Amino acid sequence: MSHPAHRRPEYHKINKDLFVLTYGALVAQLCKDYEKDEDVNQYLDKMGYGIGTRLVEDFLARSCVGRCHSYSEIMDIIAQVAFKMYLGITPSVTCNNSSRNEFSLILDKNPLVEFVEELPAGRSSLCYCNLLCGIIRGALEMVHLAADVTFLQDRLKGDSVTEIGITFLKKRDEKKYRRKK
Amino acid sequence: MAVCIAVIAKENYPLYIRSTPTENELKFHYMVHTSLDVVDEKISAMGKALVDQRELYLGLLYPTKDYKVMFRKLHNSYTVVMCNPFYNSGDRIQSSRAFDNMVTSMMIQVC
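Below or above, wherever it landed, is the structure these notes cover.

Reading the values: the criteria
- Residues numbered from 1 in each chain as written.
- Chains lettered and ligands numbered in written order.
- Predicted model: local features only at pLDDT ≥ 70, side-chain atom pairs only at ≥ 80, totals over all residues.
- Heavy atoms only, no water.
- Helix = DSSP H or I, 4+ residues; strand = E, 2+ residues; numbered from the N terminus.
- Buried < 20%, exposed > 50% of the residue type's maximum accessible area, 1.4 Å probe, protein only.
- Contact = heavy atoms within 4.5 Å.
- Areas by Shrake-Rupley, 256 points an atom, 1.4 Å probe, with all protein chains shown as cover.
- Axes fitted to C-alpha atoms, helices over the stretch in contact; angles between N-to-C directions.
- Parallel < 35°, antiparallel > 145°, perpendicular 65-115°, else oblique.
- Nonpolar A, V, L, I, M, F, W, Y, C, P; charged D, E, K, R; others polar.
- Pairing = 2+ DSSP bridges.
- Buried area = accessible area lost by both parts, 1.4 Å probe.
- Salt bridge = Lys/Arg side-chain N within 4 Å of Asp/Glu carboxyl O.
- Polar contact = N/O pair within 3.5 Å; in protein donor to acceptor, adjacent residues only side chain to side chain.
- Expected span 1.5 Å × (residues − 1).
- Arc of directions from axis to C-beta.

If you tally the helices and strands in chain A, you get four helices and four strands. Every one of the 181 residues in chain A was classed for burial, and the buried ones make up 45%. For chain A, long-range pairs separated by at least 24 residues make up 63% of all intrachain contacts whose partners lie at least 6 apart in sequence. Surface exposure of chain A reaches about 9,800 Å², of which carbon and sulfur atoms provide 51%.

Structure, rendered in structure tokens:
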């Protein structure tokens, strides 16, 4: 990624394995703390929400994206700029309905699950990467966009792809779009 | 190609052991156990001498063909199993298909 002069200068990298192992430890600990998969999923989402509300500021400071004029522009920025910046991947975007407020991110690769082959026994409804859903939801909310974000498909559960569904909820006038995530 | 592959925990019990001919499986278990002594000897022989941290492959315990590449692959697969957050240290390695596939690729096929 190029670093034009007006961007914030620091961009420290950390070891990917350390990050992936840390995330794994987080999920494993939540699994020890909560018996039900729904509880673990919910707490991952809550944690992600807390991260997203803060991460969005970092994102806006670093990426200098302009004002967005449509939900699909927002989705493109999430997939091509934000995911690339924080996870090094570029999911593809599909639009799932004609009113153009339901979208999906299809993750071809997912670094977070690199060492997890399959969900452990008894944890078949665990959404291992649910933190991501919370992050996206929290980030969007900080730019005044309400959205439902969930996993529609998950490779760890046996599906062929990993798909995150984002449904923008209409809170205000269609015309008023704020600067995105 | 291998006839038997084993991963041994530091407490000297097997985390994973598989051999191809199904008869005489006990023979392989004994062989693995006795080879632990040879491993100990080699490690204590290195002693104060400069131990290259990366070179975990001790070399051949008994002189035959060179299997360095195979051991490296085995070690890499083992580290991936260890990095699984749901795998606890000391567990048998039983739910990792990738590890099984890697071992299968190394074992000779005996019909």
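There's plenty left to go through after this.
Residues and elements named next belong to chain B. The N-to-C vectors of helix 2 (residues 68-83) and helix 3 (residues 97-106) enclose an angle of 170°; their axes lie 10 Å apart at closest approach. With respect to helix 3, the element helix 2 is oriented roughly antiparallel. Facing helix 2, whose interface residues are Met-70, Lys-73, Leu-74, Ser-77, Tyr-78 and Val-81, helix 3 presents Phe-99, Met-102, Ser-105 and Met-106. Within the contact of helix 2 with helix 3, the residues separate by chemical class into seven nonpolar, two polar and one charged.

Successive residues of a regular strand alternate their side chains across the two faces of the sheet. All names here are of chain A. Along strand 4 (residues 162-169), six of the eight residues are buried, which leaves the element largely enclosed by surrounding structure. Two strands pair when backbone bridges link them, and strand 2 (residues 102-107) and strand 4 are joined in this way by six bridges, in the antiparallel orientation. Its bridge partner being in strand 4, Leu-105 is matched across the sheet by Ile-164. The pairing of strand 3 (residues 146-153) with strand 4 spans seven bridges and is antiparallel.

Residues and elements named next belong to chain A. One open sheet accounts for four strands, arranged 1-2-4-3; its pairing is antiparallel. Of all strands in the sheet, those bounded by a partner on one side alone are strand 1 (92-95) and strand 3. Each adjacent strand pair in this sheet contributes to an overall mean axis angle of 25°, direction not counted. Bridge count for strand 1 against strand 2 is four bridges, and the pairing is antiparallel. Note on strand 2: the bridge partner recorded for Val-93 is Leu-105.

Turning our attention to the interface of chain B and chain A. On the chain A side, the residues contacting the ten residues of chain B number 13 residues. Together, the buried faces of chain B and chain A total about 930 Å²; carbon and sulfur atoms form 64% of this surface. The interface formed by chain B and chain A contains one salt bridge. Where chain B packs against chain A, one counts four residue pairs in polar contact (both at pLDDT 80 or more). If one sorts the elements of the side of chain B that touches chain A by residue count, helix 3 of chain B sits on top with three residues. Looking at the side of chain B that touches chain A residue by residue, the classes come out as six nonpolar, three polar and one charged.

This next bit is on helix 1 (residues 16-33) of chain A. Residue and element names in this part refer to chain A. For helix 1, spanning 18 residues, the distance from its first C-alpha to its last is 26 Å, which sits close to the expected 26 Å at 1.5 Å a residue. For helix 1, the set of buried residues is Val-20, Tyr-23, Gly-24, Val-27, Ala-28, Leu-30 and Cys-31. Along the axis of helix 1, the buried residues cluster in a sector spanning 160°; they form a single face. Across helix 1 from its buried face, at more than 90 degrees, point the exposed residues Leu-18 and Lys-32. Tucked into the core, helix 1 has its buried residues touching helix 2 (37-63) and helix 4 (130-142). With a side-chain oxygen lying 2.7 Å from the backbone nitrogen of Asp-17, the N-terminal cap of helix 1 falls on Asn-15.

Residues and elements named next belong to chain A. Its place among the elements puts Pro-91 in the loop between helix 3 (71-87) and strand 1. Judged by relative accessible area, Pro-91 falls into the buried class, the value being 5%. Taking the C-alpha atoms as reference points, Pro-91 and Val-116, separated by 25 residues in sequence, lie 20 Å from one another. Those residues in contact with Pro-91, other than ones at most four positions away along the chain, are Ala-79, Phe-83, Leu-105, Ile-106 and Leu-107.

Function cannot be read off these values alone, since they describe shape.
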